[in-house]
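A look at the structure
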Amino acid sequence: MTNLVTGATGTVGRQVVAELLRRGQSVRALTRDPAKADFPDGVEVVRGDLTDAETLAPALEGVTGLHLITFGGPYFAPLETGPRILQLAKAAGVRRITVLHGGGPSLLEDAVRESDFAWTVLMPVEFMANALEWADGIRTDGEVREPFAGRLSAMVHEADIGAVAAVALTEDGHAGQEYVITGPQVLTLEDKVDALAAARGRKIRLVELSEQQAVEQWKAAGQPEDVIGFLLEAYGNTPPVGRTVVDTVEKVTGRPARTFAEWAEEHADTFRS
């Protein structure tokens, strides 16, 4: 059985590839630029572009499990090619599909839900990997500059998202399921900063920004207006789903979800000057 992972070089895609490989599965990784993919031995790297569905036809040959993302191109633009991708998948004999929910409606996810594939939609909350955005500020100034210091998050380790995807792609019992995926704790910004400080062995200051200061910081980083609007809403008015722990990881994989402290230890060197 061969599993094709799209978005394979992304934060979650790499974890899906790693977990499938760990489970002894045949893994094919789709990327626009195979020369830069840098996957471990045992992964078949193939060229393809989700925005050009026809490029997936060769990559889908012999595939039974397919992991999909709902966006392509810059700034997470929604894919317009979802229905055609599913036509190609059906013709190739794909049986199971996992979809990484992109935070909003999409043609691809809608088409998957209406299909007769054994599909599973993965709905993770904030990624622990988002903390990597603080690395430069921590290394150079020893501080994290963020708005809404009181916000709460049940953030999830990206490896746990990959693990849930791998189970759904290779085992029965997950068809037609929508899995919200969280970590094991609800964390404040201070909790996250403290965990990073403990992991790197040096204190980190938390500097709370006003909304206007945050907007200016995001603009300076090149974020477009729609992304800035999303961040203001997500951080300033986090919905209950983003700050409520659920036990999906343990139910699906049989082991507890990883903590942010574990993630911080794994990435400690990234935050050291």
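All figures in this text were calculated on a predicted structure; none of them were measured in a lab.

1. Details of the pattern of salt bridges
What the rule picks out here adds up to 20 salt bridges. Here Asp 116 and Lys 90 are joined by a salt bridge, their closest N and O atoms 3.4 Å apart. Here Lys 90 lies in helix α2 (residues 82-92) and Asp 116 lies in the loop between α3 (107-113) and β6 (118-124), a separation of 26 residues in the sequence. Take Asp 116: its relative accessible area is 62%, and that puts it in the exposed class. Taking relative accessible area as the criterion, Lys 90 reaches 51% and is therefore assigned exposed. Of the charged contacts in the structure, one is a salt bridge between Glu 146 and Arg 151, with a shortest N-O distance of 3.1 Å. For Glu 146, a relative accessible area of 6% translates into the label buried.

2. Thoughts on a nonpolar patch on the surface
On the surface, Leu 152, Val 186 and Val 245 cluster together into a nonpolar patch covering about 190 Å² of accessible area. Considering the arrangement of structural elements, one finds Leu 152 in strand β8 (residues 152-153). When its relative accessible area of 34% is taken as the criterion, Leu 152 is described as partly exposed.

3. Looking at the sheet that holds strand β3 (residues 43-47)
Taken in spatial order, the 7 strands make up an open sheet running β3-β2-β1-β4-β5-β6-β9, and their pairing is parallel. Looking along the sheet, the strands with just one partner apiece sit at the ends: β3 and β9 (177-181). Direction aside, the axes of adjacent strands within the sheet are offset by 20° on average. In this structure, β6 lies alongside β9, joined through 5 bridges in parallel fashion. In the strand pairing of β9, Thr 120 is matched with Gln 177. Those strands touched by helix α1 (residues 13-22) are β1 (2-5), β2 (26-31), β3 and β4 (63-69), and its axis lies near 165° from that of β1. With respect to the sheet, helix α5 (residues 158-170) is in contact with β1, β4, β5 (96-100), β6 and β9, its orientation differing from that of β5 by roughly 160°.

4. Some thoughts on the nonpolar core
Ranked by size, the top nonpolar core spans 75 residues in total, and within it Leu 68, Ile 97, Leu 196, Phe 260 and Trp 263 carry the most contacts. The residues touching Ile 97, leaving out its near neighbours within four places in the chain, are Leu 66, Leu 68, Leu 86, Val 112, Phe 117, Ala 118, Trp 119, Thr 120 and Leu 169. Listed in part, the 10 residues of the second largest apolar core include Phe 148, Leu 209, Val 215 and Ile 228.

5. Comments concerning α1
Looking at α1, one finds that the buried residues are Gly 13, Val 16, Val 17, Glu 19 and Leu 20. If you follow the buried residues of α1, they end up packed against β1, β2, β3, β4 and α5. Remark: Gly 24 follows α1 within two positions and exhibits a positive phi of approximately 80°.

6. A word on the packing of helix α7 (residues 211-220) against helix α8 (residues 225-236)
Running from N to C, α7 and α8 point in directions that differ by 140°, and their axes come no closer than 10 Å. What the angle tells us is that α7 and α8 run oblique. Between α7 and α8 lies a crossing whose hand is right-handed. Counting all contacts with α7, which are made through Glu 211, Val 215, Trp 218 and Lys 219, the residues of α8 involved are Glu 225, Ile 228, Leu 231, Leu 232 and Tyr 235. Of the residues in the contact of α7 with α8, the class split is 6 nonpolar, no polar and 3 charged.

About the criteria used
- Residues numbered from 1 in each chain as written.
- Predicted model: local features only at pLDDT ≥ 70, side-chain atom pairs only at ≥ 80, totals over all residues.
- Heavy atoms only, no water.
- Salt bridge = Lys/Arg side-chain N within 4 Å of Asp/Glu carboxyl O.
- Helix = DSSP H or I, 4+ residues; strand = E, 2+ residues; numbered from the N terminus.
- Buried < 20%, exposed > 50% of the residue type's maximum accessible area, 1.4 Å probe, protein only.
- Patch = residues over 30% accessible without salt bridge, like charges linked within 9 Å, V, L, I, M, F, W, Y side chains within 5 Å.
- Areas by Shrake-Rupley, 256 points an atom, 1.4 Å probe, with all protein chains shown as cover.
- Pairing = 2+ DSSP bridges.
- Axes fitted to C-alpha atoms, helices over the stretch in contact; angles between N-to-C directions.
- Contact = heavy atoms within 4.5 Å.
- Core = buried A, V, L, I, M, F, W, Y, C linked by side-chain atoms within 4.5 Å.
- Parallel < 35°, antiparallel > 145°, perpendicular 65-115°, else oblique.
- Left-handed = near helix turned anticlockwise from the far one by under 90°.
- Nonpolar A, V, L, I, M, F, W, Y, C, P; charged D, E, K, R; others polar.

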